[in-house]
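# Architecture at a glance
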Amino acid sequence: MAQVPSDEDFWVFGYGSLMWNPGFPHVETKPARLIGAHRSLCVYSFVHRGTEERPGLVLGLDRGGSCRGLAFKVKADDREAVVEYLRAREQVTRVYKEAVRQVVFADGCGHALVYLVDRAHQQYAGVLDASHQLEIVRHAHGQSGPNTDYVVSTAQHLRDMGVVDRHLFWLAEELEHHRPAVAGESGGNQAATQ
């Protein structure tokens, strides 16, 4: 994070579970668009939403296009603790590259800390067809709960924000309509992604 001065407030860009459960202190949240990367269900989850034996699928920022999400403003005084938290959450297996990128707000631009998928990493799934994604997500479960909950929660948050992601919406609908009822299921809205 050398590009963000340590004595200034900074932004963190969320595009998946960070949007609905950031898990760190922040003083402002606002819609933002990242140019040059898009939201994609392209990361095999070995920890939080799956295991190495039965990986799940989570979102990554893959190159090309743009992505609408939320930016969270973090006070400079909280910088060290927030970056440490994000690294522990996002960098468990180092499938993401930490970077600072420009984001666009309705009222201007700023720079935000982002986590971009590393295409050379073994957990990079690339582009999988929809039925394969559905099968993976439907059966995966990790330390943070069912993979289904992660996809459904993210899709719902995008709907609430007015962001249209037809593919993610289709997956969420399929998962919700064909999810077996489990006695005592708590919903599992945990934030972690990998």
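Summary of the structure given here. (Residues numbered from 1 in each chain as written. Predicted model: local features only at pLDDT ≥ 70, side-chain atom pairs only at ≥ 80, totals over all residues. Heavy atoms only, no water.)

### Side note on the pattern of salt bridges
Charged atoms that come close allow side chains of opposite charge to pair. What counts here: Any carboxyl oxygen of Asp or Glu within 4 Å of a side-chain nitrogen of Lys or Arg constitutes a salt bridge here. Each residue is assigned to one of three classes by its accessible area relative to the maximum for its type, calculated with a 1.4 Å probe on protein chains only: buried under 20%, partly exposed between the two thresholds, exposed over 50%.
Applying the stated criterion across every chain, the model contains six salt bridges. Across the salt bridge formed by Arg89 and Glu90, the nearest N and O atoms sit 3.4 Å from each other. Overall, the relative accessible area of 5% leaves Arg89 in the buried class. Residue Glu90 is classed as buried on the basis of its relative accessible area, which comes to 4%.

### Focus: the environment of Arg89
Going by this rule: Here a strand is any run of E in DSSP of at least two residues, a helix any run of H or I of at least four, and the numbering for each starts at the N terminus. A 3.5 Å cut-off defines polar contacts: any pair of N or O atoms within that distance qualifies, except that in protein one atom must be a possible hydrogen donor and the other a possible acceptor, and neighbouring residues in sequence count only when both atoms are side-chain atoms.
Mapped onto the elements of the fold, Arg89 is located in helix α2 (residues 79-90). Arg89 sits 66 residues away from Gly23 along the chain, and the two C-alpha atoms are 9.7 Å apart. Among the polar contacts made by the side chain of Arg89, one reaches the main-chain carbonyl oxygen of Asn21 at a distance of 3.0 Å.

### Section: the packing of aromatic side chains
As a reminder of what qualifies: The pairing test for Phe, Tyr and Trp rings, Trp by its six-membered ring, is centres within 6.5 Å, and the orientation test on the planes gives stacked under 30 degrees, edge-to-face over 60, and tilted for anything in between.
Enumeration over the complete set of coordinates arrives at three aromatic pairs. With centroids separated by 4.9 Å and ring planes inclined at 50°, the aromatic side chains of Trp11 and Phe105 adopt a geometry described as tilted. Here Phe105 lies in strand β4 (residues 96-105) and Trp11 lies in strand β1 (residues 10-14), a separation of 94 residues in the sequence. The two residues Trp11 and Phe105 agree in class, both being buried.

### Some points on the pairing of β1
Rules: Here a strand pair is declared whenever DSSP counts at least two bridges between the two strands.
The element β1 is largely enclosed, with a buried count of five among its five residues. On β1, burial covers both faces: Phe10, Val12 and Gly14 on one face and Trp11 and Phe13 on the other are all buried. For β1 and strand β3 (residues 56-74), the ladder comprises five bridges, and the chain directions are antiparallel. Bridge assignment links Phe13 to a residue of β3, and that residue is Ala71.

### So, the packing of helix α3 (residues 130-139) against helix α4 (residues 147-161)
The line we're drawing: For every element, the axis is a line fit to its C-alpha atoms; helices are fit only across the contacting stretch, and the angle between N-to-C directions ranges from 0 to 180 degrees. The contact criterion used throughout is that any non-hydrogen atoms of two residues lie within 4.5 Å.
Interaxial distance between α3 and α4 falls to 6 Å at its minimum, and their mutual angle equals 120°. Facing Ile136, Val137 and Arg138 of α3, the residues of α4 in contact are Asn147, Thr148 and Val151.

### Here we look at helix α5 (residues 166-177)
What counts is decided by this rule: A helix's residues, less one, multiplied by 1.5 Å, set its expected span.
Given a rise of 1.5 Å per residue, twelve residues ought to cover 16 Å, and the 16 Å separating the end C-alpha atoms of α5 matches this to within 8%. In this structure, the buried residues of α5 make contact with β2 (28-45), β3, α3 and α4.

Nothing here speaks to function; it is geometry throughout.
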